[in-house]
Protein chains: 2
Amino acid sequence: MNGRKGSLISVRTDVQVMDCTLRDGGLVNNFMFTDEFVKDLYLANIKAGVDYMEFGYKASKEIFDPKNFGKWKFCDEKDIRDIVGDNKSDMKIAVMADVGRCDFRNDILPREESVIDMIRIATYINTIPAAIEMIEDAHAKGYETTVNIMAVSKVNDADLEAGLEMLAQSSVDVIYLVDSFGAFYPEQIEKLAQKYLAVAEKYGKKVGIHAHNNQQLAFANTIEALSRGVSFLDATVNGMGRGAGNCYMELLLGFLKNPKYNKVATVSFVEKHILKIKEEGAVWGFDIPYLMTGILNAHPSSAINFIKEKRTDYAMFYQELLDDAL
Amino acid sequence: MNGRKGSLISVRTDVQVMDCTLRDGGLVNNFMFTDEFVKDLYLANIKAGVDYMEFGYKASKEIFDPKNFGKWKFCDEKDIRDIVGDNKSDMKIAVMADVGRCDFRNDILPREESVIDMIRIATYINTIPAAIEMIEDAHAKGYETTVNIMAVSKVNDADLEAGLEMLAQSSVDVIYLVDSFGAFYPEQIEKLAQKYLAVAEKYGKKVGIHAHNNQQLAFANTIEALSRGVSFLDATVNGMGRGAGNCYMELLLGFLKNPKYNKVATVSFVEKHILKIKEEGAVWGFDIPYLMTGILNAHPSSAINFIKEKRTDYAMFYQELLDDAL
């Protein structure tokens, strides 16, 4: 069957849906979500059958001044508990910790003192040893762990294979394929997913995918990876996330056939909260400048600025990008 | 190589890009484009290396009152010539003729009297004999022809195979795979493209694809079909088209590696004209109601109305759709 796992009408019981709205979406609004937004998202995700909800980052308060960010940049235990209590639900709670930006030894509590279930460690290819240190710390404290290798569209094959081997031999549970720049086409995701899965399965690990929508391919890339055997699937409500945003949760839940998933709960949340924050000025989603950084395999920051400045001279912007690339 | 034709960095010289902005986009604004818009689009398409530009429909004036539509609903010879003169360019000109809605014997001139190069005949599965009559008329008059079988996501396999055989044995040049409802996933497009190609190639015909963006898959489905051997690729500027719209020309030209294609010409047109008509109230593109009709394999008309009425009660809309489907 052309190397695909499962069919379009069957249930893949290994699938785990991860809502990253607060974390990747927090990059849109500096994590300034109201408590009502967060509480309603938590309840909507439970209703929607989402398996994990990522609340934000565990960022170091020595590096980042809490005055400049909403509380989900830091995810203090108390702040999460204010929303979820002891989280008496089947949905698990995740936070992200960046290599080099997290005081993980102090700020990540022992698992039994925390309502958090999973620590997601974000790393670049050249900081994998530091990521493994964080993985082992979190694992020893009792957490599930993922490792998210960012910007792999800039990494050569030999380095990627070496990095995957190192990670697969660590205590990590899930290795994420991350398309930070929205640069990959489904054909490439097919091959990358197979590469990640081959290494991960040798060591009994799972593989996840986190896609960006620069070329309107976040959903297509996510279901391509899924059909190859990737099981942890990141999405955000209405695609909310940095720049072009992410795979839409509405699309993903509409695709999955497990009856536990309920896209109506998600679109009701959109109706109540997302339309409002968009009206109030939060901007994300596919647009021509993101397409251009995606095609050029470049960081979206210049496109984000272009849109912030309300520029529309796309042709000139493309020339600027080409200059930067030289 | 997993059944794919060409690679991600090579040129597929069989590719033909078709701009359908006036035709499918005309369904957004009743074909009320200014002459400046049409002229600039014509020039932009030439610069962009587009191979065919579809100007609109050849609709019957006995059925449709010209007072209610812009002139591109009818594509009179004189109106096209007012824009293109004798079309001294490498780009060819196409128009669409719907089965049962076109006085093709009178309204389609002999090829030598017309600046039109290609007649695209749109049919449903159950009107294929009428489509073949139109194909043979246009072919005898000297035109290139395509046939676009609409709504195939509602057609059973046996009927589709029989219809494809009938069409492949006609004089038609290109048979189009059309995802009218934006219901197909890339996995399905892969199999359908192979089915269309198998029949078409037996008789020396080409295959095209026309996708809709209900699930943010128009571009993904287009490049999936392309990689399987489909060569005629429909797209519209900024995805302008009915409901969720089409494959974005910007995305498609950004993907293709033939140096003749130039996406900058297209984004310059967006900057000058598309932003303006959007500000003036033209509405198209991905939105939750289209996702829902796409998932349910339903005509987008109810979603178009939902958006026109500025409703946002998505959850209730989904229940209404389910009622309609029963």
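Just so you know, these numbers come straight off a predicted model, no measurement behind them.

K.L.:
Sorry if this is basic, but what is going on with the overall build of chain A here?
P.N.:
Along the backbone of chain A there are 13 helices and eight strands. Over its C-alpha trace chain A gives a radius of gyration of 19 Å, about what one expects of a compact globule, namely 20 Å for 326 residues. If you line up chain A on its principal axes, its C-alpha atoms span 55 × 45 × 45 Å. Buried positions account for 52% of the 326 residues belonging to chain A. When contacts within chain A are restricted to residue pairs at least 6 apart in sequence, those whose partners lie at least 24 apart make up 78%.

K.L.:
Explanation requested: the sheet that holds strand β6 (residues 174-178) of chain A in the structure shown.
P.N.:
Strand pairs in the sheet, formed through backbone hydrogen bonds, run parallel or antiparallel to each other. Residue and element names in this part refer to chain A. With respect to topology, eight strands assemble into a closed barrel ordered β1-β2-β3-β4-β5-β6-β7-β8, the strand pairing being parallel. Direction aside, the axes of adjacent strands within the sheet are offset by 25 degrees on average. Relative to strand β8 (residues 232-235), strand β7 (residues 206-210) runs parallel, the two sharing two bridges. Within β8, the position partnered with Ile-209 by the bridge is Leu-233. In this fold helix α1 (residues 21-29) packs onto β1 (16-19), β2 (52-57) and β3 (92-98), with an angle of close to 35 degrees to the strand it touches most, β2.

K.L.:
What's the story with the packing of helix α7 (residues 186-202) of chain A against helix α8 (residues 218-228) of chain A in this structure? I'm lost.
P.N.:
Between two packed helices, the angle of one axis relative to the other and the distance separating the axes together describe the packing. Residue and element names in this part refer to chain A. Interhelical geometry of α7 versus α8 gives an angle of 40 degrees and a closest axis separation of 9 Å. Between α7 and α8, the crossing angle belongs to the class labelled oblique. The two elements α7 and α8 cross, and the hand of that crossing is right-handed. Counted together, Pro-186, Ile-189, Glu-190, Ala-193, Gln-194 and Leu-197 of α7 and Ala-220, Asn-221, Glu-224, Ala-225 and Arg-228 of α8 form the full contact between these two elements. Of the residues contributing to the contact of α7 with α8, the split by class is six nonpolar, two polar and three charged.

K.L.:
What am I meant to see in the pairing of β6 of chain A here?
P.N.:
Sheet faces and side chains relate simply in a regular strand, where the side chains alternate between the two faces. Residue and element names in this part refer to chain A. Here β6 lies mainly inside the structure; five of its five residues are buried. When strand β5 (residues 144-149) meets β6, the two strands line up parallel, connected through four bridges. Bridge pairing links Thr-146 to Val-174 in β6. Remark: the β5/helix α6 (residues 157-168)/β6 crossover connection has right-handed handedness. Pairing of β6 with β7 involves five bridges; the strand directions are parallel. When the sheet's bridge partners are listed, Val-178 is paired in β7 with His-210.

K.L.:
Where do I start with the environment of Asp-76 of chain A in this structure?
P.N.:
Residue position: Asp-76 of chain A is located in the loop between β2 and α3 (77-84). Spatially, the C-alpha atoms of Asp-76 of chain A and Asp-173 of chain A are 24 Å apart, while their sequence positions differ by 97 residues.

K.L.:
Quick question: what am I supposed to make of unusual backbone geometry here?
P.N.:
Glycine aside, the phi torsion of most residues is negative, and most peptide linkages are trans. The phi angle at Gln-216 of chain A is positive, at roughly 55 degrees, despite the residue not being glycine. Of note, Cys-75 of chain B is a non-glycine position whose phi angle comes to about 50 degrees, a positive value. Looking at the secondary structure, you find Cys-75 of chain B in the loop between β2 (52-57) and α3 (77-84). Assessed through the 26 C-beta atoms surrounding it within 10 Å, Cys-75 of chain B is described here as buried.

K.L.:
Just to check I follow, could you spell out the interface of chain B and chain A for this structure?
P.N.:
Accessible area lost during the coming together of the parts is what is often quoted as the interface size. Chain B puts 30 residues into the contact, and the matching count from chain A is 30 residues. Taken together, the elements giving at least two residues each to the side of chain B that touches chain A come down to α7 (186-202), α8 (218-228), α9 (249-255), α10 (263-279), α11 (288-295) and α13 (314-325) of chain B. The element best represented in the side of chain B that touches chain A is α10 of chain B, accounting for six residues.

K.L.:
Is there a simple way to explain helix α11 (residues 288-295) of chain A in this structure?
P.N.:
An α-helical turn contains 3.6 residues, so a residue and the one three or four places further along point in the same direction. Residue and element names in this part refer to chain A. α11 sits mainly inside the fold: eight of its eight residues count as buried. Along α11, the residues classified as buried are Ile-288, Pro-289, Tyr-290, Leu-291, Met-292, Thr-293, Gly-294 and Ile-295. Two residues or fewer after α11 comes Asn-297, characterised by a positive phi angle close to 55 degrees.

K.L.:
What's the story with the relation of the copies chain B and chain A in this structure? I'm lost.
P.N.:
The two chain copies are connected by a rotation around an axis plus a translation along it. Once chain B has been moved 0.0 Å along the axis and rotated by 180 degrees, it coincides with chain A to within an RMSD of 0.0 Å. Seen this way, the second copy is the image of the first under a two-fold rotation axis. Looking at chain B, 100% of its interface residues are interface residues in chain A too, so the copies touch through the same face.

K.L.:
Just to check I follow, could you spell out the domain arrangement of chain A for this structure?
P.N.:
Residues and elements named next belong to chain A. When cut into domains, chain A gives domain 1 (16-279) and domain 2 (288-325). Measuring from the centre of the C-alpha atoms in domain 1 to the corresponding centre in domain 2 gives 26 Å. Listed as interface residues are ten residues of domain 1 and, on the opposing side, ten residues of domain 2.

Here is what the cut-offs are and how they apply
- Residues numbered from 1 in each chain as written.
- Chains lettered and ligands numbered in written order.
- Predicted model: local features only at pLDDT ≥ 70, side-chain atom pairs only at ≥ 80, totals over all residues.
- Helix = DSSP H or I, 4+ residues; strand = E, 2+ residues; numbered from the N terminus.
- Rg over C-alpha atoms; globule rule 2.2 N^0.38 Å.
- Buried ≥ 20, exposed ≤ 12 C-beta atoms within 10 Å, placed from the backbone.
- Contact = placed C-beta atoms within 7 Å.
- Pairing = 2+ DSSP bridges.
- Axes fitted to C-alpha atoms, helices over the stretch in contact; angles between N-to-C directions.
- Parallel < 35°, antiparallel > 145°, perpendicular 65-115°, else oblique.
- Left-handed = near helix turned anticlockwise from the far one by under 90°.
- Nonpolar A, V, L, I, M, F, W, Y, C, P; charged D, E, K, R; others polar.
- Right-handed = clockwise from strand over helix to strand, strands pointing away.
- Least-squares fit on C-alpha atoms with pLDDT ≥ 70 in both.
- Domains from an automatic or database assignment.

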